[in-house]
Amino acid sequence: MWDIIAVDISGRHRIKKNYYMVCAAAALTVSASHIEKIKQIKIQPLWIKRDPTLLDIVQLIEDTAGQLSFEGTIVAERGDIYNKPLWVPEVIFSRAFKYQESIAERRAIELVHHISLSTRNLLINKLEIET
Amino acid sequence: MTIPDENKIRSESKVILVKRSNPNSDPENEAILYQELHELARAAGYLSVGKLTQTRFQDTRYQLGKVKIEELAELVRSTDTEKVIFYNRLSTKQLFNISKICQCHIIDKFELIFEIFVKRAITHRSKLQLELARLKYEVSRAKAVVSLLKKDERQGFMGLGDYENSYEQDLKKRISRIENELESAEKDDESLRTFRHRKGFSVISLAGYTNAGKSTLFNAIVNESVEVKDMLFTTLVPMTRALDLGGRKALLTDTVGFIQDLPHWLVDAFKSTLNEIYLSDLILLVVDVSEKPAIILQKLSTSHDTLWDKIQGVPVITVLNKTDLLEKFELDNIMKQIEYMAPNPVFVAAKEKTGITALKAEIIRHLPAWSFSSFTLPNSEEGMSILSWLYEEGIVHKVEYGKWITVDYEARIEIINKAKAVINANEN
């Protein structure tokens, strides 16, 4: 079994000329086909007034994963890192990074995707940010 | 640009293979993908007489650079080739522009896969599925193709205006007709699956990347002789055979192989084939372990991608095939690199029929649990009839005949419940 940190960012589109994004990170233990244990989950919102760059995304992911008390390889969807070839995020991130591959990793990304999306919807609703 | 000399003189369906790679892409990976295109062309019965590659970002008009396309046209003329196959997906505009310069038939990898499927389709159903896929592919291009063709023509009497619409409408009508026909066939499949489950069969599917050795393994497990070839997409129609696993009845299905970047319209075409996998009780994911670890990982990733959100927690056994081609230390080394992608690994050499017993044991371990129960039946004609039915549906561990017949029995929970209901009804 392996320790991973699954991350996903919701809100990669403009709202009133701003980007209101929410990143979710989950520390998990996975086998090849199953999530064996969910150890901790953290979320981090980010509001920026310009188009997010790759470095903004990397920083947001690093900040969210940094809140977790557990170590592990960061696993993300290709689209979150602008479909860059693996070697690009590998050299930018300060910890081990990989794109989702196995059934368990894909399920983990699905989990954090639901968390980031529903958190963003909740915040947008509570903070009365019009879409 | 390369032209294999020995191939120049042969006149059978000659093709030139073309691939564009993005800058910064992994050269080793690109070589693997090109090799896959070569294998696909071979599977479709083509002879590759030339190769053209370019590293650049996509040109919207020609896919490659225009000079490279002119070089391709020259290669087509010098080798007297009838067809050019692009690895990269071509837009209608690119297809039109390249055909104009090269003056030959241009297709992309997806149309090539489609051609293979068409050549191998045997059943009426698979032919319908392919017809549907072709029509759906064509309808998206129909308008653009007609517009490109009539670009220089004037509107008016005998113009293409009406034709443009009627052609699209005609395609849509045919799509709707075939969809209806396939829908009723799918309902038949659903009831067949339910029937199999009700009869106590566990359904097991062989899945995996194309040419991983699924059919060879199928033959090794069920002692059959399904067609086996060292070629991509040998199996297109699912083949199902019964299997006895220590008294438990199972159905093993050999299915079509997966391939990287298969377009959705083609995946849809084989939805019912893939449903065989998705609705199984257990999936045997077959992997050719004799390949390089990077290739194995890539193929496993494609397989996991195809399966992950459809199988709903169904257990997966990774069958690492062709172990006879490797030494023990090589196998250990590969295993270390791929274990995070290989749930429940089992080593087999399907050709040599080694490891099949261990695989069967692993299959039994992962099949849905059966329940144990004891029944008391009247020693009468009705009782004997129920006992005979119990023998058909599950495993009778012990049976004692006296005034009453006592049976120790193991079967699916549905069968146990049904048996209890039948016995109670009989007593009353």
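See the structure shown above.
It should be emphasised that the depicted structure is a prediction, and the values quoted were computed from it without experimental measurement.

The secondary structure content of chain B amounts to 15 helices and 13 strands. For chain B, restricting intrachain contacts to residue pairs at least 6 apart in sequence, the fraction spanning at least 24 positions comes to 72%.

All names here are of chain B. Overall, mixed pairing links the 6 strands, which are arranged 6-7-5-8-9-10 in an open sheet. Each end of this open sheet is capped by a strand with a single partner; those strands are strand 6 (239-245) and strand 10 (345-347). Ignoring strand direction, the axes of neighbouring strands in this sheet form an average angle of 25 degrees.

Strands pair in a sheet through their backbones, by hydrogen bonds, and they do so in one of two ways: parallel or antiparallel. Residue and element names in this part refer to chain B. The sheet built from 4 strands is open, its strands ordered 2-1-3-4 with parallel pairing. Lying at the two open borders of the sheet, with one neighbouring strand each, are strand 2 (47-55) and strand 4 (105-108). Averaged over all neighbouring strand pairs, the angle between strand axes comes to 20 degrees, with direction disregarded. Against the sheet, helix 2 (residues 27-43) engages strand 1 (14-21), strand 2 and strand 3 (83-86), with an angle of about 155 degrees to strand 1.

Let us now look at the pairing of strand 12 (residues 395-401) of chain B. Residue and element names in this part refer to chain B. With 0 of 7 residues buried, strand 12 is to be regarded as a mostly surface element. Alignment of strand 12 against strand 13 (residues 404-411), held across 6 bridges, turns out to be antiparallel. Bridge pairing in strand 13 links Val396 to Tyr409. Between strand 12 and strand 13, which follow one another and run antiparallel, lie 2 residues.

Turning to its location among the elements, Ser31 of chain A is positioned in the loop between strand 3 (18-30) and strand 4 (35-48). Residue Ser31 of chain A is classed as partly exposed on the basis of its 16 C-beta neighbours within 10 Å. With 74 residues separating them in the primary sequence, Ser31 of chain A and Glu105 of chain A have C-alpha atoms 8.9 Å apart. Contact partners of Ser31 of chain A, with chain neighbours within four places excluded, come to Met1, Glu36 and Ala104 of chain A together with Pro343 of chain B.

It is worth spelling out the nonpolar core at this point. Ranked by internal contacts, the top residues of the largest apolar core, which has 74 residues, are Ile5, Ala6, Val7 and Ala108 of chain A together with Val319 of chain B. In terms of residues, this core owes the most to one element, strand 3 of chain A, which gives 10 residues. Excluding residues that lie within four positions of it along the chain, Ala6 of chain A makes contacts with Ala26, Leu28, Val75, Ala108, Ile109, Leu111 and Val112 of chain A. By size, the runner-up hydrophobic cluster in this structure holds 36 residues, among which are Leu40, Ala44, Phe86 and Ile116 of chain B.

Glancing now at the interface of chain A and chain B. If you look at the interface, chain A gives 10 residues, while chain B gives 11 residues. Sort the elements by how many residues they give to the side of chain A that touches chain B and helix 3 (residues 103-126) of chain A lands first, with 3 residues.

Bringing unusual backbone geometry into the picture now. Here Asn83 of chain A, not a glycine, exhibits a phi torsion of approximately 55 degrees, which is positive. Position of Asn83 of chain A relative to the elements: it lies in the loop between strand 5 (73-76) and helix 2 (87-92). At Gln63 of chain B, a residue that is not glycine, the phi angle is positive and equals roughly 70 degrees. Mapped onto the elements, Gln63 of chain B comes out in the loop between strand 2 and helix 3 (66-79). Gln63 of chain B gets classed as buried once you count the C-beta atoms within 10 Å, which come to 26.

What counts as what
Residues numbered from 1 in each chain as written. Chains lettered and ligands numbered in written order. Predicted model: local features only at pLDDT ≥ 70, side-chain atom pairs only at ≥ 80, totals over all residues. Helix = DSSP H or I, 4+ residues; strand = E, 2+ residues; numbered from the N terminus. Contact = placed C-beta atoms within 7 Å. Pairing = 2+ DSSP bridges. Axes fitted to C-alpha atoms, helices over the stretch in contact; angles between N-to-C directions. Buried ≥ 20, exposed ≤ 12 C-beta atoms within 10 Å, placed from the backbone. Core = buried A, V, L, I, M, F, W, Y, C linked by C-beta atoms within 7 Å.

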